[in-house]
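# Coordinates in review
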Amino acid sequence: MRSDNIRKMIREFVSQRPRNTAEIVSWLETQEEFHSSKSDISGLLESDNSIVRIGTIRRSGISGREYPLSEWATEDWVAHHERATPTKEEKK
């Protein structure tokens with residue numbers, strides 16, 4: 001499967017809510033279209049301008065993974081859930 005198709009699948013998956021790298025890899029492995037591909041998921045996510053890393057997850061027992069355990073979302077999701085910047089009135 002081509003990288004563009006994988007990016008599109010991931011984009012649709014993370015548009016529902018943010019997902020971490022392990023969730024994305026797990027989900028991709030259940031997709032028939034993905035079985036023949038061994039892609040660098042973190043690299044694909046980082047190279048997609050519409051997907052952003054919104055954080056890194058630090059949990060015990062997860063060290064030693066071959067990919068960073070980051071949380072990813074689409075730019076649209078982030079924009080929709082972004083906190084508004086307080087006005088001067090609200091700061092008082």
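This text goes with the structure placed above it.
These lines cover the structure that appears in this document, whether it is placed above or below.

Criteria and cut-off values
Residues numbered from 1 in each chain as written. Predicted model: local features only at pLDDT ≥ 70, side-chain atom pairs only at ≥ 80, totals over all residues. Heavy atoms only, no water. Helix = DSSP H or I, 4+ residues; strand = E, 2+ residues; numbered from the N terminus. Buried < 20%, exposed > 50% of the residue type's maximum accessible area, 1.4 Å probe, protein only. Contact = heavy atoms within 4.5 Å. Core = buried A, V, L, I, M, F, W, Y, C linked by side-chain atoms within 4.5 Å. Pairing = 2+ DSSP bridges. Axes fitted to C-alpha atoms, helices over the stretch in contact; angles between N-to-C directions. Parallel < 35°, antiparallel > 145°, perpendicular 65-115°, else oblique. Left-handed = near helix turned anticlockwise from the far one by under 90°. Nonpolar A, V, L, I, M, F, W, Y, C, P; charged D, E, K, R; others polar. Phe/Tyr/Trp six-rings, centres within 6.5 Å; stacked < 30°, edge-to-face > 60°. Lys NZ or Arg CZ within 6 Å of the ring centre and 35° of its normal.

## Some remarks on the overall build of the protein
- If you tally the helices and strands in the protein, you get five helices and three strands.
- Scanning the protein from its N terminus toward the C terminus, one meets helices and strands in the order α-β-α-α-β-β-α-α.
- Among the 92 residues that make up the protein, the fraction classed as buried is 33%.
- Of the contacts made within the protein by residues no fewer than 6 positions apart, 55% connect residues no fewer than 24 positions apart.

## Regarding the nonpolar core
- Core analysis: the largest hydrophobic core is formed by 14 residues, its most contacted members being I10, I24, L28, I41 and L45.
- Only α1 (3-16), α2 (21-29) and α3 (41-46) provide two or more residues apiece to this core.
- Broken down by element, this core gets its largest block of residues, five residues, from α1.
- In this view, I41 contacts I10, I24, V25, L28 and F34; residues no more than four positions away in its chain are not counted.

## A word on the sheet that holds strand β3 (residues 70-74)
- Strand order across the open sheet formed by three strands is β1-β3-β2, with antiparallel pairing between neighbours. What marks the edges here is a single partner per strand, and that holds for β1 (19-20) and β2 (51-56).
- As defined by bridge partners, β2 adjoins β3 across five bridges and the pair is classed as antiparallel. Each bridged residue has a counterpart across the sheet, and for I51 the counterpart in β3 is T74.
- Across the sheet, α1 touches β1, β2 and β3, and the angle it forms with β3 is around 95°.

## Things to note about the packing of α1 against α2
- Look at α1 against α2: their axes get within 11 Å of each other, and the N-to-C directions meet at 120°. Between α1 and α2, the angle falls in the class oblique. Relative to α2, the crossing made by α1 is right-handed. Residues I6, M9, I10, F13 and V14 of α1 pack against E23, I24, W27 and L28 of α2.
- Partitioning the contact of α1 with α2 into residue classes produces eight nonpolar, no polar and one charged.

## What to know about the packing of aromatic side chains
- This model, assessed by the stated rule, comprises one aromatic pair.
- Between F13 and W27, the ring centres sit 4.2 Å apart and the planes meet at 5°, which makes this aromatic pair stacked. Separated by 14 residues along the polypeptide, F13 in helix α1 and W27 in helix α2 bring together distant segments of the chain.
- Here the guanidinium or amino end of R19 rests over the ring plane of F13, the centre of that ring lying 4.0 Å away.

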